[in-house]
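Summary of structural features
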Amino acid sequence: MTAIPLTSPSISEADIDTVVGVLRSGMLVQGEHVTALERDVAKYLDIRNVVAVSNGTATLHLALLSLGIGPGDEVIVPAFSYVATANVVEIVGARCVFVDVEADSCNIDIAKVPEAVTDRTRAMIPVHEFGLACDISPLVDLAAANNIPIIEDAACALGTTRDNRLVGTFGRVGSFSLHPRKAVTSGEGGLLVTDDDALAEQFRIMRNHGIQMRDERMHFVAAGFNYRMTDFQAALVRGQFARLDEILDRRNELADIYFDALAGAQNITLPVRPRDARHTWQTFHVMLAEEIDRDSMIDLLKDRGIGTNYGAQCIPAQDYYQKNYASDSREMFPNAWRAYRQGLALPMYANLSATEARQVAHTFRALIERGK
Ligand SMILES: *Cc1c(COP(=O)(O)O)cnc(C)c1O
C-alpha cells in the first residue's frame, strides 16, 4: 500500500456536486459547461480562442492537422517528453526531428534547434516539461525567422509564466492537458488555444465530425473526428480552474519544502528553480547520481509507502522510435537519456501536507545518502 501517492487530484465536494448536477440534467455532451470553461480559460490566458477537446493528445493531433502537416513534413520535438508529443507527428504521417534537452531544465536545448531545421520543417513542438517554461521567446524568434509555426505543448503548464506572460500564448497554438496527472483535471480532457480565428474555427469543425454551422444549419465540410469533451468533464474542471492560482501556490510551497529538506543532499541534483517566472511543479523532478539505481530507489520508496516514478521518456529510445528511427539515443541525446534513466518524480499534489512532504524528503534523503 502506498500511503503517500505520487499524485492525487484536487477535487472538492462542490466540484462533485456540479458534476452530479450535470448528470441529473441529462444534458451530457458538449454544452454550457464546455462553453463556460472555454470562456473562463480564454479570459485567464487573455487569448481569443479556447477549444476544449477530449484529451491533450487530441489537441496536438488537431493542431498538426489544422496546420496541414502530413507526409514529407518534419516536426521538431524534444527528445525528452511524454511520448504523446512525438506520437502525434507519426500519426499524421510526418517525421519527428528530435532535439536533445538541457541537462538541468530537461527542456529543449534552443542552441541545438538551428541545426535541426531543414527545408522540410513545418512545425516545432516545444514542451514546457514538468511545468517549467522552456526558453520560449528566443525559440519564437527563431521559428518566425524561418516561417515555422510553433505548437506549444503546455500539457503540464497551465499557469506557468515566462517573461511575464502565460505559456501556451507564445506560439501559433498552445495545447493543454486536463489529465489527472496535471494540476487541474477533467478526468480526460484537453484545451487548444490560439489567437488565430481561422485556425480555431478549423479546430471546432474537426472536433465535431467536420460540422460547420452556417445559417443555423449543419454543413459537413470536412472528414472530422469526435474529439468533443463531455459537459460533466467540463463541470468537473471548472471549479478547480477557478482555484488554479491557489492550487499552484500550494504546489510552490511544497516545492520550497523539498528544496529546504533536500538542500546539500549527496547523490542528487535538485531541479531548476526559476526566480522570475512561475513554475507549476507538475513534477518535482530530481536527478540521481549515476551510481544510484533509480528503479531500485522507486521500489525502496514504495516499500516505505511513498509513490514515485520516472519523469518522462527519452522518446527515441522507446521501441517504436528505436525501430523506425534507428538512432543511437544514448549518444545522440545524452541529456534526454540521462533524464530518462536517472530522473525521479517525487509526490506532488495540492492536498499533500507539509508534514508528509517533509517525511518524503527525509526518507528519500536517508536512502540516497546511503547510496541506495
Ligand atoms: C500529459 C501530456 C500529454 C498528453 O496529454 P493527455 O491528456 O494525457 O493525452 C502530452 N504532452 C505532455 C508533455 C504531457 O505531459
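Right, let's walk through the structure included here. (Residues numbered from 1 in each chain as written. Predicted model: local features only at pLDDT ≥ 70, side-chain atom pairs only at ≥ 80, totals over all residues. Heavy atoms only, no water.)

**Things to note about the overall build of the protein chain**
What the protein chain contains, in helices and strands, is 13 helices and 16 strands. In terms of C-alpha radius of gyration, the protein chain reaches 21 Å, essentially the compact-globule figure of 21 Å for 372 residues. By principal-axis analysis of the C-alpha atoms, the protein chain measures approximately 70 × 55 × 35 Å. With 372 residues in all, the protein chain has 55% of them scored as buried. (Helix = DSSP H or I, 4+ residues; strand = E, 2+ residues; numbered from the N terminus. Rg over C-alpha atoms; globule rule 2.2 N^0.38 Å. Buried < 20%, exposed > 50% of the residue type's maximum accessible area, 1.4 Å probe, protein only.)

**Observations regarding the site of the ligand**
Within the structure, the ligand sits among 15 residues, and Gly-56, Thr-57, Asp-153, Ser-177 and Lys-182 are positioned closest to it. Here a nitrogen atom of the ligand and a side-chain polar atom of Asp-153 are 2.8 Å apart. Ser-177 is positioned with one of its side-chain polar atoms (N or O) 2.7 Å from an oxygen atom of the ligand. Protein chains bury 91% of the 380 Å² of accessible surface belonging to the ligand in isolation. Mapped by element, the contributors of at least two residues to the shell around the ligand are helix H3 (56-66) and helix H4 (84-91). (Near = heavy atom within 4 Å. Polar contact = N/O pair within 3.5 Å; in protein donor to acceptor, adjacent residues only side chain to side chain. Areas by Shrake-Rupley, 256 points an atom, 1.4 Å probe, with all protein chains shown as cover.)

**So, unusual backbone geometry**
With a phi angle near 60 degrees, Asn-147 is a residue other than glycine that sits in the positive phi range. Structurally, Asn-147 is set in the loop between helix H5 (136-145) and strand S6 (151-153). By relative accessible area, which is 70% here, Asn-147 ends up exposed. A positive phi angle, close to 60 degrees, is found at Asn-164, a residue other than glycine.

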